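# Topology and contacts: notes
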Amino acid sequence: MATFHIFRFDPTKDKTIRFDRFEVPDKKGLTVLDGLYYILENLDGSLAFRSSCRAGVCGSCAMHINGQYRLSCTTSVKPLGKNVTIRPLAHLPVLKDLVVDLTNFFRHYEKIKPYLITNDQPPKKEFIQQPAQRKKIESLIDCILCGACYGSCPVAAGEPNYLGPHALLKAARFIFDSRDTNDRERINLINHNLGVFRCHTIFNCQQVCPKKIDPSEAIARMKMKTVWSKLRGFFGS
Ligand code: F3S
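Residues numbered from 1 in each chain as written. Predicted model: local features only at pLDDT ≥ 70, side-chain atom pairs only at ≥ 80, totals over all residues. Heavy atoms only, no water.

## Focus on the site of the ligand
Within the structure, the ligand sits among 13 residues, and Cys 153, Cys 199, His 200, Phe 203 and Cys 205 are positioned closest to it. Counting atoms within 2 Å of the grid points, the majority share of the ligand lands in the second largest cavity. Elements with a minimum of two residues in the shell around the ligand: α8 (204-208) and α9 (215-235). Of the residues assigned to the shell around the ligand, the class counts are nine nonpolar, four polar and no charged. (Near = heavy atom within 4 Å. 1 Å grid on protein atoms, 1.4 Å probe; cavity = no way out; pocket = protein on both sides within 12 Å on 5 of 7 lines; lining within 4 Å. Sits in = over half its atoms within 2 Å of the grid points. Helix = DSSP H or I, 4+ residues; strand = E, 2+ residues; numbered from the N terminus. Nonpolar A, V, L, I, M, F, W, Y, C, P; charged D, E, K, R; others polar.)

Written out as structure tokens, the structure reads:
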């Protein structure tokens, strides 16, 4: 058996948080998400958590598991040992148990305008992108917006209006995309006191990303690009 210790809190009736303990049969290949479903279906039907694809693609089931943010669907119980302690994503209000309110998270995402912006005449059929151009955004496009980076970022903990690693990574995904041609607007969206320079290069986001993306590196590239674009404007070239 594996013992699950799960954060419980219902803000509509609980005064304080607690951890509930459940024994889950440790079957071969058991994932943390399997364990949560076992609890929901057999031990406590009131347990709240999010999940959808069960394949590490949708980003719904990110949570804090044994000291690290991970996707519960792709995290096996066996390497974690006999005890599994689960908390919700941090820095966001808890709606119930492991479910957090993602309104602020997606508000920041919307602010960076997560779609192609181009000043050019749209192509008749499709935007052509060469392999070398595609390579420039290769490491940025796989983000599934799970929130693990946001939950791990101490700057986001102290400043809820900071854009956060997820939104800044998405900004980079468009800034370095050859099909997006409105650099000036893009830079203005991130060049403010709650944007790219609020990142203190703490690297937690890089360590926890379940898709092995590096938001800190993308943010560093955007800091450079922002400085260069301002210098170019200053010297008028
Ligand atoms: Fe936060 Fe990542 Fe920057 S953890 S401070 S966004 S390097």
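## Quick word on the pairing of strand β5 (residues 83-87)
Burial of the side chains of β5 is restricted to one face: Val 84 and Ile 86 are buried, whereas none of Asn 83, Thr 85 and Arg 87 on the reverse face is. Bridge analysis of strand β1 (residues 2-8) against β5 gives four bridges, and the strand direction is parallel. The partner of Ile 6 across the bridge, within β5, is Ile 86. The pairing of strand β3 (residues 62-65) with β5 spans two bridges and is antiparallel. Residue His 64 lies in a different strand from β5, and its bridge partner there is Arg 87. (Buried < 20%, exposed > 50% of the residue type's maximum accessible area, 1.4 Å probe, protein only. Pairing = 2+ DSSP bridges.)

## Side note on helix α2 (residues 103-111)
Taken residue by residue, α2 has Asn 104, Phe 105, His 108 and Tyr 109 as its buried positions. Projected down its long axis, α2 shows its buried positions confined to an angular sector of 145 degrees, all on one face. Exposed and oriented more than 90 degrees from the buried face of α2 are Thr 103 and Glu 110. Taken together, the buried residues of α2 touch α4 (148-152) and α6 (164-175). (Arc of directions from axis to C-beta. Contact = heavy atoms within 4.5 Å.)

## As for a nonpolar patch on the surface
Taken together, the side chains of Phe 197, Met 224, Val 227, Trp 228 and Leu 231 make up a nonpolar region of the molecular surface, amounting to roughly 500 Å² of accessible area. With respect to the helices and strands, Val 227 occurs in helix α9. (Patch = residues over 30% accessible without salt bridge, like charges linked within 9 Å, V, L, I, M, F, W, Y side chains within 5 Å. Areas by Shrake-Rupley, 256 points an atom, 1.4 Å probe, with all protein chains shown as cover. Salt bridge = Lys/Arg side-chain N within 4 Å of Asp/Glu carboxyl O.)

## Some points on the domain arrangement of the protein chain
Domains assigned within the protein chain are domain 1 (2-100) and domain 2 (103-231). Between the C-alpha centres of domain 1 and domain 2 there is a distance of 29 Å. With 12 residues of domain 1 at the interface, the matching set in domain 2 holds 17 residues. Here domain 1 and domain 2 share an interface that buries about 1,000 Å² over both sides, 66% of which is from carbon and sulfur atoms. (Domains from an automatic or database assignment. Buried area = accessible area lost by both parts, 1.4 Å probe.)

## Quick notes on empty space enclosed by the protein
With the rule as written, the count across this model stands at two cavities of 30 Å³ or more. Looking at the largest cavity, its volume works out to about 130 Å³. Lining of the largest cavity is provided by 16 residues; of these, Cys 143, Leu 145, Cys 146, Cys 149 and Cys 209 occupy positions nearest its centre. Secondary structure elements with two or more residues in the lining of the largest cavity: α4 and α6. Across the lining of the largest cavity, the residue classes tally to 13 nonpolar, two polar and one charged. Taken together, 13 residues make up the lining of the second largest cavity; nearest its centre are Cys 153, Cys 199, Ile 202, Phe 203 and Cys 205. Residue assignment for the lining of the second largest cavity shows that the elements contributing at least two residues are α5 (154-158) and α8. Its residues assigned to classes, the lining of the second largest cavity shows 10 nonpolar, three polar and no charged. (Points joined across faces, edges and corners; volume = space filled by probe spheres on them.)

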